[in-house]
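Tertiary structure, described
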Amino acid sequence: MSLEPFANEPVLELRRAAARAKLTTAMEKLELPLRVPVWIGDERREGEELVSTDPSAPERIVALAASATAEEAGAAVAAARAAFGGWAATPAADRAAALLRAAAWMRERRAALAALAVRECAKPWPEADADVCEAIDFLEFYARGAIELAAGAPLLQVPGERNELHYAPRGVCAVIAPWNFPLAIPMGMTAAALATGNTVVLKPAEQAPGCGLRVVEALRAGGVPAGAIALLPGGGDAGAALASHPDVATIAFTGSGAVGLELLRTAADVAPGARQLTRVVAEMGGKNCVIVDSDADLDEAIPAIIESAFAYAGQKCSAASRVLVHEAIHDAFAERLAGAVAGLQVGPADDFATDVPPVVEREAQERVRRYAQLAAEEGAVVTGTPADAGAGWYCTPVVATGLPADSAVLRDEIFGPLLAIETVRSVDEACDRIDALPVALTGGLFSRNPRTVQRVVARSPVGNLYVNRATTGAMVGRQPFGGNRLSGTGTKAGGHDYLLHFVEPRVVTENTVRHGLVV
Amino acid sequence: MDERLEREIQRVGRALAAAFPSHRGNALKALDNRAMDLAAEDAELRAALFRFVDVVPACRSLDDLAGHLTGYLEQVHTRPPSLRAAMRMGDTKAGRAALGAAGAAGVRHMAHRFIVGADPAAALPALRGLWRDGIAASVDLLGEATVTAGEADRYAARCAEALDALAAVYDALDPRPMLERDTLGPLPRANLSVKVSALTPLLRPEAPERGQRDAAPRLRELLRHAARVGAHLHIDMESLDSREAVLELVLALLAEPEFADGPSAGVVLQAYLRDSPQTLDTILAWARATPRAQPLVVRLVKGAYWDHEVVAARQHGWSVPVFERKADCDRNFEALTTRLLEARPLVRVAIASHNLRSVAHAIARNRLAGGDDADLELQILRGLGDDLGHALASEGLRVRAYCPVGDLVAGMAYLVRRLLENTANESFLSDHAHGVPIEQLLAPPA
């Protein structure tokens, strides 16, 4: 199979009215609620234990889902294990072809899938569309990567022996996915595992079972065998049951640091009956800092920082939550930033005019408000304009200043529209503060001095550093994404080495000397 | 017609070229041109110089300036001897102070070429000088980007003050019949260009109505103000991201009954956009449906955001919205020129180009169709099209110079964009400066 080189799926050109109309038409046609089953092989058990609602209008039910029991988790792993031999033995090119057909299935339904992400997770339109594109990108990118990987890796050869290294799939992979990129991230982890010959049990976030269903439908429509991909909607119990299952070889997780560390602990504890060590690919949170040096172009820095901190209400692991500003420009920066935040429109995700959509659920709203309260007590806050819309889980954007160095606001991942500004005397002082953090996911730098850029690059521990642009919006193949330190296992989604985490290298050495003859 | 037209274009173009002023003996102009030539020859060097021009206003000291300059020059692979010397200066503190001072002075000198004054009052001598030479002006207020409502209010207030100041400036000037009247009637002397992106922080490509709603009160007030003082208000066009918002907003406001009698107002059509013919359809349909005492002025430009549009499209995987071949763009410019001239008196026409062929084409097309020279405005950019402007004026044509006003700090980004155009490989100005034969400059786009 000869494939075109990978290229990112183009997002819709939403500056044109016709492109916007396509999305609103799809929204009118979207039929809700979806019914999301526990789907193992050809068995579907429907249920209503899990109710997913629209964060912009919580009375709207988006999906009624079954919630998987521990027994169902076990059954799903057993089914995946049974299907493993056949899928692993399928040639990489055939597996890739199935993923590419899944990509085509999604491409045909782009607007409808985006509409679902708008409803279920309050992704604003441009971000919902980008999420669908990224899911397609992962399928296309990993399909190609798996074909390349199937060629193995070259080894040193000497006369009389033949050395070969090939990559074998590890077995059953449990994918535990978040809600904030409700199509792209579950699809990315699942596609990587499937492309390399593993079978998958996908547990979507309990806030996003409807999007999880679409991921599995796409893969099955593309020709991934029913046994190779199971859908396990449910809560934390289902995830925990998967993580501790002795037949799960790999856990691919994206989510909070607390859950990620728990998964790592569970995986390290070899379950009775386990025949291999469980590998964990974990992408966790950050406390992402942006440095603004005195020579920064504020006309560009301010809109980029606003986007980094407040787009999707700050609910991206890449979102900026701290800005460290050089004292020489601090006042001008803070004043202009506050003025820009005042103009942000908080509103429902399906309104193209919305800048800040609601957060995902009531608990998130309460958490953000707690931290906003704390910031007001410990420092000073400037708030944006409250939502002028219904009962969604809205949070007014907040900019906090003058916080003490040990403030929890500067330490915890708040995952909401709250940005703290700090003053630094130099870029080096900013680097010191960043270096003191235990997490290292994304970072930003605004400077027009090439030497400053070099210095910060050399000192920055983060997985993704963005210079003179927003810290969000990593693209498959262009910005392989993932954090260091306690932010993750150092893996890079959408990068060339990501697939290596889903395989085990096997080396075969054959003696080719027979009675003194090299055959 | 085509042969006659080509002959007329040649005749007009040669006459204009012959009327270009000579700069022999003008040391300052020669120095500018040498710096421009240097930048035009080497892309890396050009990038380094532009980045320096861009950062000068943000530098805190001479040492800081020198640090940036040498930092940029380090990234240039082939360095003329003068640059190597400059970089050695960066090794000592005294050297850096001297280098920083020289760099800042160089940039300030260049900025004065493009920016006529810090405010309309300071621009008075330059505007008076242009008027005396037979050149009207449209003033453009430079400033930082608008990211807050306060900044939008301040820009609107500056525009209002500028309208008053310009009205006062031009009241005191002697009559210039060629600049003050076309066959449809009187033309305002005072003329201000404004940017919608500076009148609101809320321009969102995917939600044009937001920026429109926010900018409308400020723009409406400026239109009233322009009507009161008898000035022309021209609304500039920027990148494609805001085209829908800007065009819809302006046409909607001008259709409001209170503006039927004035002020004189205008919009911009960007010929580098592939769908600019459809945009012209929209404008003409509006003009047919919206009778105004003073017809809408349409300023035809090539467009100043070419690089931005190409990069944005490539990054997003979109089809590139602008013509990528200069000849295609030039051909479209001529086609739009023809349509605009034929649409008179529904609209007034302003052709803004430094391309000798495009300008000669507009003049020739107008004359062959029996049009009056007074019914065609030709616009140039102060600092770049000065020679062309004087040549046009000396031929008795109606010329207007687009004149940036503002402090050098805020004007830097603007300056860099103009420099980019000037030193772009296919620019007419650089061709002309390098002695490309007149036949080639006036050849039909191909």
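Everything quoted here is computed from the prediction, not taken from an experiment. (Residues numbered from 1 in each chain as written. Chains lettered and ligands numbered in written order. Predicted model: local features only at pLDDT ≥ 70, side-chain atom pairs only at ≥ 80, totals over all residues.)

Section: the overall build of chain A
Within chain A, the regular secondary structure consists of 14 helices and 23 strands. Here the C-alpha radius of gyration of chain A, 24 Å, is about what a compact globule of 519 residues would show, namely 24 Å. In terms of its C-alpha atoms, chain A occupies a principal-axis envelope of roughly 80 × 55 × 50 Å. For chain A, buried positions account for 56% of its 519 residues. Long-range pairs, those at least 24 residues apart, make up 76% of the contacts in chain A with a sequence separation of at least 6. (Helix = DSSP H or I, 4+ residues; strand = E, 2+ residues; numbered from the N terminus. Rg over C-alpha atoms; globule rule 2.2 N^0.38 Å. Buried ≥ 20, exposed ≤ 12 C-beta atoms within 10 Å, placed from the backbone. Contact = placed C-beta atoms within 7 Å.)

Focus: the packing of helix H11 (residues 208–229) of chain B against helix H12 (residues 243–254) of chain B
Residue and element names in this part refer to chain B. Relative orientation of the contacting elements H11 and H12 amounts to 45 degrees, with a least axis distance of 9 Å. As summarised for this structure, H11 and H12 are arranged oblique, according to the angle between their axes. In this structure, the crossing between H11 and H12 has a hand that is right-handed. Between H11 and H12, the residues in contact are Pro-208, Gly-211, Gln-212, Ala-215, Ala-216, Leu-219, Arg-220 and Leu-223 and Glu-244, Ala-245, Glu-248, Leu-249 and Leu-253, respectively. Here the residues of the contact of H11 with H12 are counted per class, giving eight nonpolar, two polar and three charged. (Axes fitted to C-alpha atoms, helices over the stretch in contact; angles between N-to-C directions. Parallel < 35°, antiparallel > 145°, perpendicular 65-115°, else oblique. Left-handed = near helix turned anticlockwise from the far one by under 90°. Nonpolar A, V, L, I, M, F, W, Y, C, P; charged D, E, K, R; others polar.)

Here's the deal with the packing of helix H3 (residues 92–108) of chain A against helix H5 (residues 125–149) of chain A
Residue and element names in this part refer to chain A. Closest axis-to-axis distance for the H3/H5 pair is 9 Å, and the angle between their directions is 165 degrees. In terms of orientation, H3 and H5 fall into the roughly antiparallel class. Judged by the twist between their axes, the crossing of H3 over H5 is left-handed. Where H3 approaches H5, its residues Ala-92, Ala-93, Arg-95, Ala-96, Leu-99, Leu-100, Ala-102, Ala-103, Met-106 and Arg-107 are matched on the opposing element by Val-132, Ala-135, Ile-136, Leu-139, Glu-140, Tyr-142, Ala-143, Ala-146 and Ile-147. The residue inventory of the contact of H3 with H5, partitioned by class, reads 16 nonpolar, no polar and three charged.

Comments concerning the domain arrangement of chain A
All names here are of chain A. Taken domain by domain, chain A comprises domain 1 (70–103 + 131–284 + 488–506) and domain 2 (288–467). In this structure, domain 1 and domain 2 have C-alpha centres spaced 33 Å apart. Counting from both sides, the interface comprises five residues of domain 1 and, opposite them, six residues of domain 2. Residues of the side of domain 1 that touches domain 2, tallied by class, amount to one nonpolar, three polar and one charged. (Domains from an automatic or database assignment.)

Concerning the environment of Val341(A)
Residue and element names in this part refer to chain A. You can see Val-341 is positioned in helix H11 (residues 330–342). For Val-341, a count of 27 C-beta atoms within 10 Å puts it in the buried group. Each C-alpha atom of the pair Val-341 and His-515 lies 81 Å from the other, and the pair is 174 residues apart in sequence. Leave out the neighbours within four places in its chain, and Val-341 touches Ile-306, Val-382, Gly-384, Pro-397 and Val-399.

Some words on the sheet that holds strand S16 (residues 418–424) of chain A
All names here are of chain A. Across the sheet, which stays open at both edges, the seven strands sit in the order S14-S15-S16-S13-S12-S18-S19 with mixed pairing between neighbours. Lying at the two open borders of the sheet, with one neighbouring strand each, are strand S14 (380–383) and strand S19 (464–467). Pairwise comparison of adjacent strand axes, ignoring direction, gives a mean angle of 20 degrees for this sheet. With five bridges connecting them, strand S12 (residues 288–292) and strand S13 (residues 320–326) associate as parallel partners. Residue pairing in the sheet places Val-290 in a bridge with Val-323 of S13. Here helix H10 (residues 298–310) sits on the sheet and contacts S12, S13, S16 and strand S18 (442–446); the angle it forms with S13, its principal contact strand, is near 155 degrees. (Pairing = 2+ DSSP bridges.)

Side note on the nonpolar core
In terms of nonpolar packing, the biggest core is built from 183 residues, with Leu99(A), Leu139(A), Tyr142(A), Val201(A), Leu202(A) and Ala230(A) touching the most fellow members. Examining the composition of this core, we find that 14 residues originate from one element, H5(A), more than from any other. Excluding anything up to four places from it in sequence, Val201(A) contacts Ala76(A), Val77(A), Ala80(A), Val172(A), Ala174(A), Ala230(A), Leu232(A) and Leu242(A). Counting 121 residues, the second largest nonpolar core, distinct from the first, contains Ala231(B), Tyr272(B), Trp286(B) and Ala393(B). (Core = buried A, V, L, I, M, F, W, Y, C linked by C-beta atoms within 7 Å.)

Some thoughts on the environment of Leu296(B)
All names here are of chain B. Checked against the element boundaries, Leu-296 lands in strand S7 (residues 296–301). For Leu-296, a count of 20 C-beta atoms within 10 Å translates into the label buried. Along the sequence, Leu-296 and Leu-284 sit twelve residues apart, while their C-alpha atoms lie 9.6 Å from each other. Excluding residues within four positions of it along the chain, Leu-296 makes contact with Leu-254, Ala-265, Gly-266, Val-267, Ala-287 and Val-347.

Quick word on the interface of chain B and chain A
Chain B puts 32 residues into the contact, and the matching count from chain A is 29 residues. No other element matches the four residues that helix H4 (residues 62–73) of chain B contributes to the side of chain B that touches chain A. Classifying every residue of the side of chain B that touches chain A gives 13 nonpolar, eight polar and eleven charged.

Topic: unusual backbone geometry
Of the consecutive residues Leu32(A) and Pro33(A), the connecting peptide bond is found in the cis state with omega at 0 degrees. Turning to its location among the elements, Pro33(A) is positioned in the loop between helix H1 (17–29) and strand S1 (34–36). The omega angle of the peptide bond from Gly262(B) to Pro263(B) is 10 degrees, so this bond is cis rather than trans. Along the chain, the position of Pro263(B) falls in the loop between H12 and strand S6 (265–270). For Ala122(A), which is not glycine, the phi torsion reads 55 degrees and is therefore positive. Residue position: Ala122(A) is located in the loop between helix H4 (110–121) and H5. By the C-beta count within 10 Å, which is 31 here, Ala122(A) ends up buried.

Focus: the sheet that holds strand S4 (residues 191–194) of chain B
Residues and elements named next belong to chain B. One closed barrel accounts for eight strands, arranged S1-S4-S5-S6-S7-S8-S9-S10; its pairing is parallel. Recorded for the sheet is a direction-independent mean angle of 30 degrees between the axes of neighbouring strands. Sheet analysis places strand S5 (residues 232–235) next to S6, joined by two bridges and oriented parallel. Note that in S6 the partner of Leu-233 across the bridge is Ala-265. Seen against the sheet, H12 touches S5, S6 and S7 and runs at an angle of roughly 155 degrees to S6.

Some details on the environment of Arg154(B)
Mapped onto the elements, Arg154(B) comes out in helix H8 (residues 149–171). A C-alpha to C-alpha distance of 43 Å links Arg154(B) and Gly13(B), two positions 141 residues apart in sequence.

Some details on the domain arrangement of chain B
Taken domain by domain, chain B holds domain 1 (42–112) and domain 2 (116–441). For domain 1 of chain B versus domain 2 of chain B, the separation of C-alpha centres amounts to 33 Å.

What to know about the pairing of strand S9 (residues 377–381) of chain B
Residue and element names in this part refer to chain B. The buried count for S9 comes to five of five residues, which makes it a mostly enclosed element. The two faces of S9 match: Glu-377, Gln-379 and Leu-381 on one face and Leu-378 and Ile-380 on the other face are all buried. Direction of pairing for strand S8 (residues 347–352) relative to S9: parallel, over a ladder of three bridges. Looking at the pairing, Ala-350 lines up with Glu-377 of S9. In this view, the connection linking S8 to its parallel neighbour S9 by way of helix H16 (residues 356–368) has right-handed handedness. A crossover links S9 with its parallel partner strand S10 (residues 398–405), the connecting element being helix H17 (residues 386–394), and its sense is right-handed. (Right-handed = clockwise from strand over helix to strand, strands pointing away.)

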